[in-house]
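Below, each chain spelled out in residue letters.
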Amino acid sequence: MARTPVIGGNWKMNTTRVEAQALLRDLRTRLDALAGVEVVVCPPAAWLGDAADVLGGSSIEVGAQNVYWEPKGAFTGEVSAPMLVGTATQVIIGHSERRHVFGETDEATNRKLRAVLEAGLHPILAIGELREEAEGGQTEAVLRRQITGAFEGFDALPGDLVVAYEPVWAIGTGLAATAEDAQERCAMVRRILTERFDASSADACRIQYGGSVNAGNAAGFAAGADIDGVLVGGASLDGAAFEAICRAFVA
Ligand code: PGA
């Protein structure tokens, strides 16, 4: 099954508006119409409108880093999925910082997933184990729990969904997983999706690796048979580095 690699740039809570606009223009120059990969830029919520303006008409897609599951109402500070329509096409859900800094549960992830799909947006579902879970041999159990929780009540694996496998110990630490370990874990995620749903939808699903991806290690991840792209944090704030990462996935 040929899966088009998808590269996500998660800016997290970085950039002033001026910096964001400059980076968006730089990314458009570098990556517009790059064939063979899908590129999704996820700036802070405050700059999503700027991203839509600067990247409009280009091949680069805009993603949100988070969403709330209710469509509207008295939820101060939150942004709903219907509000993102027309600005973003993708939404990261369940990022480890949402789970571990803000205490998001698997149930919250499930509700957000439903809201995003209902709005016709494409989810990037992030999962991954903590260092102590990895060291305790619990990685597979944790991934299974996160996948089961996120898809509670789902009859089928949504076709437009991307799973990002991001070991928490590799995020923002400079300690990326080895290409071999990342491949093995992404294959594990695909196996769990096969068991939860079926082989053909799991085979079609794109699975990213994330955690300290940079211009130097991206090619190793690109070589993994089950690694269909990467979700990039720190290095996505550097136009040249992000371009190099995207190009590493061009076949
Ligand atoms: P990092 O972040 O590339 O800075 O490790 C990855 C992520 O959080 O998606």
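Residues numbered from 1 in each chain as written. Predicted model: local features only at pLDDT ≥ 70, side-chain atom pairs only at ≥ 80, totals over all residues. Heavy atoms only, no water.

Remarks on the packing of helix α5 (residues 106-118) against helix α7 (residues 139-150)
And then number 1: One can describe the packing of α5 onto α7 by two numbers: an axis separation of 7 Å at closest approach and a directional angle of 45°. The angle between the axes of α5 and α7 places the two elements in the oblique class. The interaxial crossing formed by α5 with α7 has right-handed handedness. Each of Asp106, Thr109, Asn110 and Leu113 in α5 lies in contact with α7, whose residues at this interface are Arg145, Gln146, Gly149 and Ala150.
And then number 2: The residue makeup of the contact of α5 with α7, split by class, is two nonpolar, four polar and two charged. (Axes fitted to C-alpha atoms, helices over the stretch in contact; angles between N-to-C directions. Helix = DSSP H or I, 4+ residues; strand = E, 2+ residues; numbered from the N terminus. Parallel < 35°, antiparallel > 145°, perpendicular 65-115°, else oblique. Left-handed = near helix turned anticlockwise from the far one by under 90°. Contact = heavy atoms within 4.5 Å. Nonpolar A, V, L, I, M, F, W, Y, C, P; charged D, E, K, R; others polar.)

Quick word on the site of the ligand
And then number 1: Taken together, 13 residues lie near the ligand, and Lys12, His95, Glu166, Gly172 and Ser212 sit nearest.
And then number 2: Contact between the ligand and Gly172: an oxygen atom at 2.6 Å from a main-chain N or O atom of the residue.
And then number 3: Considered class by class, the residues forming the shell around the ligand number four nonpolar, seven polar and two charged. (Near = heavy atom within 4 Å. Polar contact = N/O pair within 3.5 Å; in protein donor to acceptor, adjacent residues only side chain to side chain.)

Regarding the pairing of strand β5 (residues 122-127)
Side-chain positions along a regular strand alternate between the two faces of the sheet.
And then number 1: Burial of β5 is extensive: five of the six residues sit out of reach of the surface.
And then number 2: Where strand β4 (residues 90-93) and β5 come together, four bridges link them in parallel fashion. Across the sheet, residue Val91 finds its bridge partner in β5, namely Pro123.
And then number 3: Sheet topology places β5 next to strand β6 (residues 162-165); four bridges connect them, and they run parallel. (Buried < 20%, exposed > 50% of the residue type's maximum accessible area, 1.4 Å probe, protein only. Pairing = 2+ DSSP bridges.)

Regarding the packing of aromatic side chains
And then number 1: Tallying each qualifying case throughout the model produces six aromatic pairs.
And then number 2: With a centroid separation of 5.1 Å and an interplanar angle of 45°, the aromatic rings of Tyr68 and Phe75 are classed as tilted.
And then number 3: Phe75 sits in the partly exposed class, given a relative accessible area of 33%.
And then number 4: Every member of this aromatic cluster is reached through a ring pair, and the members are Tyr68, Trp69 and Phe75. (Phe/Tyr/Trp six-rings, centres within 6.5 Å; stacked < 30°, edge-to-face > 60°.)

A few points about the pattern of salt bridges
And then number 1: Per the stated rule, a full pass over the model turns up 20 salt bridges.
And then number 2: Residues Arg144 and Glu195 are paired through a salt bridge, measuring 2.5 Å at the closest nitrogen-oxygen approach. Of this pair, Arg144 sits in helix α7 while Glu195 sits in helix α8 (residues 179-196), and the two are 51 residues apart along the sequence.
And then number 3: Classification of Arg144 by relative accessible area gives partly exposed; the value is 30%.
And then number 4: Between Asp226 and Arg190 there is a salt bridge, with the nearest N and O atoms lying 2.7 Å from each other. With Asp226 in the loop between α10 (218-222) and β8 (230-232) and Arg190 in helix α8, this pair connects stretches of sequence that are 36 residues apart. (Salt bridge = Lys/Arg side-chain N within 4 Å of Asp/Glu carboxyl O.)

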